[in-house]
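# Inside the fold
Residues per chain are reported as follows:
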Amino acid sequence: MSGQDIKEIREITSLAQLDEYLKECRATPASEAEDVKLGEKSFYQLKRQDFNYPNGTVQGREYINTRPVTIVVPEDSEGNFIMVIQPTGLTKEGSLIEFPAGYAEAAEGGKQTGIRELLEETGMTTDPENFTDLGCHYQNPGMIRRSVQAYLAEYCEQRQGLKPDGGEYIQLYKVSKMMFFEMLQAGYLKDANTYIAGIQALIHLRRLEW
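Please read these numbers as outputs of a predicted model, since none were measured by experiment. (Residues numbered from 1 in each chain as written. Predicted model: local features only at pLDDT ≥ 70, side-chain atom pairs only at ≥ 80, totals over all residues. Heavy atoms only, no water.)

Now for the overall build of the chain. Within the chain, the secondary structure is distributed over 4 helices and 11 strands. In terms of overall dimensions, the chain is globule-like: its C-alpha atoms have a radius of gyration of 18 Å, near the 17 Å expected for 210 residues. Seen through its principal axes, the chain has C-alpha atoms that stretch 60 × 45 × 35 Å. Across the 210 residues that make up the chain, the buried fraction comes to 39%. Within the chain, contacts between residues separated by at least 24 positions form 65% of all contacts whose residues are at least 6 apart in sequence. (Helix = DSSP H or I, 4+ residues; strand = E, 2+ residues; numbered from the N terminus. Rg over C-alpha atoms; globule rule 2.2 N^0.38 Å. Buried < 20%, exposed > 50% of the residue type's maximum accessible area, 1.4 Å probe, protein only. Contact = heavy atoms within 4.5 Å.)

We now examine helix α4 (residues 192-204). Every α-helix carries 3.6 residues per turn, so stepping three or four residues along brings you back to the same face. When the terminal C-alpha atoms of α4 are compared, their 18 Å separation across 13 residues agrees well with the 18 Å that a helix rising 1.5 Å per residue should span. Three or more residues of α4 are buried, namely Asn193, Thr194, Ala197, Gly198, Gln200, Ala201 and Leu202. Close packing links the buried residues of α4 with β4 (69-76), β5 (81-88), β6 (94-98), β9 (131-137), β10 (148-158) and α3 (177-185). Where α4 ends, the next residue or the one after it, Arg206, has phi of about 60°, a positive value. (Expected span 1.5 Å × (residues − 1).)

Next up on the list: the pairing of strand β11 (residues 171-175). By the criterion of burial, β11 is predominantly enclosed, with 4 of the 5 residues buried. With 4 bridges joining them, strand β1 (residues 9-12) and β11 adopt parallel strand pairing. Within β11, the residue paired with Arg10 across the bridge is Tyr173. Bridge count for β5 against β11 is 5 bridges, and the pairing is antiparallel. From the neighbouring strand, Val84 faces β11, where its bridge partner is Leu172. (Pairing = 2+ DSSP bridges.)

This part is about the environment of Gln86. By the element assignment, Gln86 lies in strand β5. Residues Gln86 and Ile97, 11 residues apart in the sequence, show an inter-C-alpha distance of 6.9 Å. Each residue touching Gln86, except ones within four places of it in the same chain, is listed here: Cys25, Gly94, Ser95, Leu96, Glu98, Glu121, Glu168, Tyr169 and Ile170.

Encoded structure:
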C-alpha cells in the first residue's frame, strides 16, 4: 500500500477548530422526504409486536429491527482517541464527530465486526487481544430493538487506506483525552453511541472516576 493511500489524521485542539471540520463535512437536503417501502436487503426492518404488561394490559409496539451493530473506540499508541467526522443528513447539524461503527455482515460476531469496521473506516489495526469488551447499550429502546456492542481498541496503528462503503465520506481526527472531555462538556458529542462508548472507555482507562 503506497503512502498516498494512507488517510491523513488531523488533530483537533480546540472547539473552534472542530466547528470548522464539522462544517466541511456537513450534509444538506437534496430532495424532499418520501415514504419508502423497505426491501429484504435493507439495513432496517419495520415490525410490530404485542407485549403483556404487569398491569394486565396488552400493548402493541412498532419497532425497527436492524442487523447487529458494533462501535469501536480506537486509541493510538500516544493515548489519543481516533474519531471520524461524516455527513449526517438527518441531523440539524448536517455532520457529527463519532467513533467508527457499523453493521455486522453475515455470521460475524461483535468483535469481528469491530475489527473490520475499524480497518475500513480508519485504515487502522491492532492485535485482537487489545480489544476490550465495553458491554452493550440501547441507543433508542422505545424504537430500536437491537442493542449496540461497544469495544475499546488500544495501540491502534494505521496500516492502509480507507475502504468506506459506497458513497461514504469520512475524515479522520485524533483527539486527546483532555480535548475529548472538552467536547463532552460543551455538547459536541451528539451521537448517542459515541457518547456512551466514550464514557465506558474512559471508565475502563481510569480517566473517569467518582
